[in-house]
Amino acid sequence: MASSAGQTNSGGTPPPAPPVRRRPGGRTSRTRARVLDAVRAELGERGYDGLTLDAVAARAGVHRATVYRRWRDVGGLLADLLAATADDDWLPRDTGSLLGDLTALNEENQDALTARPSIAAALLAASFRSEEAERGLLRLWADRYARCEVIVARAVARGELPPDTDARRLLVAATAPLYHQLMLLRTPPDPGLPAQAARTAVLAASAGAFAPGEAVS
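Residues numbered from 1 in each chain as written. Predicted model: local features only at pLDDT ≥ 70, side-chain atom pairs only at ≥ 80, totals over all residues. Heavy atoms only, no water.

Caption draft 1: How the structure looks around the environment of Phe210. Among the secondary structure elements, Phe210 is positioned in the segment after helix H9 (193-206). Spatially, the C-alpha atoms of Phe210 and Arg168 are 9.0 Å apart, while their sequence positions differ by 42 residues. In this structure Phe210 touches Asp164, Thr165, Asp166, Arg169, Leu170, Ala173, Ala201, Ala204 and Ala205, once residues within four positions along its chain are discounted. (Helix = DSSP H or I, 4+ residues; strand = E, 2+ residues; numbered from the N terminus. Contact = heavy atoms within 4.5 Å.)

Here you go:
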């Protein structure tokens, strides 16, 4: 997701998570934070083609040798930025209804994709140019989808959905229209789109469209 959920490869299996590493602390942690802040700024302003280790080092006020030694290349910077993005306590809002939850999720996604500069959009673009960014983004989306499955669990508990509803397929159906309109068709942001896309997905889910027997082979 941009900040929460998003499209993924149809039927694809997310790559395995990287080995757990001990989190750096003290000066190392501060250096990482400064460098990743600089990556966000450079990526948002210049895009993937304009992102360089030298520019990031200069913007972060860190010696270039430190950046080259730890991150090696632009792909390493993007992979670490995505790993840091996933290392948070974000959870989807609980509005009390499936429609409200999906609309709130879509509103977050639309805000992330239409921000200026949009780091979410820049990372999506970079994932087509960098294998490390692609792997990092797939891991991030897998994490966000897993966190968003609580939306479907709450709806089942409230009696809004059948118990066998496929959470992943429902979430993709609810969020995909935003990515299609904003990233592919480049249409101006529509304040009504988050609720419209959510409502369509809710109607389909209520009719059993995301039950296991309805899966496309």
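Caption draft 2: Representation of the nonpolar core. In terms of nonpolar packing, the biggest core is built from 33 residues, with Val35, Val39, Leu51, Val56, Val67, Leu77 and Leu78 touching the most fellow members. Put simply, the parts of the chain that give this core at least two residues each are helix H1 (26-46), helix H2 (53-60), helix H3 (64-71), helix H4 (74-86), helix H5 (98-114), helix H6 (119-126), helix H7 (131-157) and helix H8 (167-184). The residues that make up this core include at least three from each of domain 1 (15-86) and domain 2 (98-206). If we skip the residues at most four places from it in the chain, Val67 touches Val35, Leu53, Ala57, Val62, Arg72 and Leu77. One finds Leu98, Val152, Ala201 and Phe210 within the second-largest nonpolar core, a separate group that totals 19 residues. (Core = buried A, V, L, I, M, F, W, Y, C linked by side-chain atoms within 4.5 Å. Buried < 20%, exposed > 50% of the residue type's maximum accessible area, 1.4 Å probe, protein only. Domains from an automatic or database assignment.)

Caption draft 3: Representation of the environment of Tyr48. In this fold, Tyr48 is placed in the loop between H1 and H2. Classification of Tyr48 by relative accessible area gives partly exposed; the value is 23%. In this structure the C-alpha to C-alpha distance between Tyr48 and Val74, which are 26 residues apart in sequence, comes to 8.7 Å. With residues near it in sequence (within four places) discarded, Tyr48 still touches Leu43, Val74, Leu78, Ala126, Arg129 and Ser130.

Caption draft 4: Focus on the side chain of Ser130. Tracing the backbone through its elements, the reader meets Ser130 in the loop between H6 and H7. Since its relative accessible area comes to 8%, Ser130 is described here as buried. Of the polar contacts made by the side chain of Ser130, one reaches the backbone nitrogen of Ala133; its length is 3.1 Å. Once you skip the residues sitting within four places of it in the chain, Ser130 turns out to touch Tyr48, Gly75 and Leu78. (Polar contact = N/O pair within 3.5 Å; in protein donor to acceptor, adjacent residues only side chain to side chain.)

The quantities given are spatial measurements derived from coordinates; they are silent on function.
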